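A closer look at the structure
Single-letter residue listing:
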Amino acid sequence: MAIKVAADEMASFLDEVFPQVKGMFGIDRLDDDLLVMRLHASDQHLRPGGTVSGPAMFSLADVAAYVATMSRIGKEALAVTTNCSIDFMRKPVAGADILAHATVLKLGRALSVTDVLLYSEGQDDPVARATLTYSLPPKR
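Below, the structure is looked at part by part. Residue positions are given per chain, counted from 1 along the sequence in the order it is written. Where local features are concerned, this predicted model is filtered to residues with pLDDT of at least 70; where side-chain atom pairs are given and counted, the filter is 80 or more; whole-chain, interface and lining totals use all residues. Water and hydrogen atoms were dropped before computing side-chain values, which therefore reflect all heavy atoms in the structure.

A look at helix H1 (residues 7–17)
Spelled out, the test is: Between buried and exposed lies partly exposed: a residue is buried under 20% and exposed over 50% of the maximum accessible area for its type, with that area taken using a 1.4 Å probe on protein chains only. Helix numbering and strand numbering both begin at the N terminus, where a helix is a DSSP run of H or I of at least 4 residues and a strand a DSSP run of E of at least 2. Throughout, the arc means the angular range of directions from the helix axis out to the C-beta atoms. Throughout, a contact is declared for two residues whenever any of their heavy atoms are within 4.5 Å.
Every buried residue of H1 is accounted for by Met10, Phe13 and Leu14. The arc enclosing the buried residues of H1, seen along the axis, measures out at 100 degrees, which places them on a common side. Every exposed residue of H1 that faces more than 90 degrees away from the buried side is listed here: Asp8 and Glu16. On its buried face, H1 sits against strand S1 (25–30), strand S2 (35–39) and helix H2 (54–73).

What follows is the structure, encoded as C-alpha cells:
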C-alpha cells in the first residue's frame, strides 16, 4: 500500500490533532513496507521497577496503527480504534525507548487492520505484539 503522507507531514498532523502527546512519539521510518515509531520513554511512562508500563506501550501501539493508516489514506482525524488485542511478552529494558514496527495488514473502505511489534531499543526480541483495527470515516 503506497504512502500518501510523508513522515514529516504525519508528525506535524499528529501534533495538530493530538497536542496532548506532542513530543512523546517520533517517526523513525515511514515507507510502503513499514512504520517505525518511537516512544520517548521518560519517568511518566514508568511503572514500579523502572520499566515502561503497559498503558504506555498500548499508547505507542495505538498511535503507530493510527499513523500507519493515516499515511495511506490521507489525514482523517476522525478515524477511531474499534479493536485492539495486545500480548505483553517480556519486560522492557529499563531506560530504553520503545520502538513500534507497524505493518498495515488490510486497508479497506471502512476498516484498517494493523499489526504492531514493540521492542526495547537495541533488543532483538519483541516485548509486546498488538493487532489493532481502525474504523475509517466514510468518504464524502
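Focus: the side chain of Ser112
Applied cut-off: Two N or O atoms form a polar contact when they lie within 3.5 Å of each other; inside protein one atom must be a possible hydrogen donor and the other a possible acceptor, and for residues adjacent in sequence the pair counts only when both atoms belong to side chains.
Take Ser112: it is sitting in strand S5 (residues 111–120). In this structure Ser112 comes out as buried when scored by relative accessible area, which is 0%. Looking at Ser112, its side chain comes within polar contact range of the side chain of Thr69, at 2.8 Å. Those residues in contact with Ser112 that sit more than four places away from it in its chain are Thr69, Val104, Lys106, Leu107, Leu132, Thr133, Tyr134 and Leu136.

Digging into the packing of aromatic side chains
In plain terms, the rule: Put simply, two rings from Phe, Tyr or Trp (the six-membered ring, in Trp's case) pair if the centres are within 6.5 Å, and we call them stacked under 30 degrees between planes, edge-to-face over 60, tilted for the rest.
In the structure shown here, the tally under the stated rule is two aromatic pairs. Measuring from ring centre to ring centre gives 5.4 Å for Phe18 and Tyr66, while their planes differ by 80 degrees; the resulting arrangement is edge-to-face. Pair noted here: Phe18 is in the loop between H1 and S1 and Tyr66 is in helix H2, with a separation of 48 residues, a long-range link. In this structure Phe18 comes out as partly exposed when scored by relative accessible area, which is 29%. Relative to Tyr134, the ring of Tyr66 has its centre 5.8 Å away and its plane inclined at 55 degrees; by these criteria the two rings are tilted. Remark: Tyr134 occurs in strand S6 (residues 128–135) and Tyr66 occurs in helix H2; sequence separation between them is 68 residues. The same class applies to Tyr66 as to Tyr134, namely buried.

Structural notes on the pattern of salt bridges
Put simply, the rule is: What counts as a salt bridge is simple: a side-chain nitrogen of Lys or Arg found within 4 Å of a carboxyl oxygen of Asp or Glu.
One pass over the full model with this rule turns up six salt bridges. Arg38 serves as the salt-bridge partner of Glu121, at 2.9 Å between the closest nitrogen and oxygen. Note that Glu121 is positioned in the loop between S5 and S6 and Arg38 in strand S2, a separation of 83 residues in sequence. Of the charged contacts, one joins Arg129 and Asp115 as a salt bridge, the two residues approaching to 2.8 Å between their closest N and O atoms.

Digging into the environment of Lys139
Considering the arrangement of structural elements, one finds Lys139 in the segment after S6. Distance from Lys139 to Ala110, taken between C-alpha atoms, is 9.3 Å for residues 29 residues apart in sequence.

Some points on the sheet that holds strand S4 (residues 98–107)
Rule in force here: Strands are labelled as partners when DSSP assigns at least two bridges between them. Comment: axis = line fitted to C-alpha atoms, over the contacting stretch for helices; angle = value between 0 and 180 degrees taken between N-to-C directions.
If you trace the six strands from one edge of the open sheet to the other, you get S1-S2-S4-S5-S6-S3, paired in antiparallel fashion. Every other strand in the sheet has two partners, leaving S1 and strand S3 (80–88) as the edge strands with one partner each. Within the sheet, the average angular offset between the axes of one strand and its neighbour, ignoring direction, is 20 degrees. Two elements, S2 and S4, share five bridges in a ladder whose sense is antiparallel. Paired with Val36 across the bridge in S4 is His101. Against the sheet, H1 contacts S1 and S2, and its axis sits at roughly 155 degrees relative to S1. In the packing of H2 onto the sheet, contacts are made with S1, S2, S3, S4, S5 and S6, and the angle to S4 comes to roughly 45 degrees.

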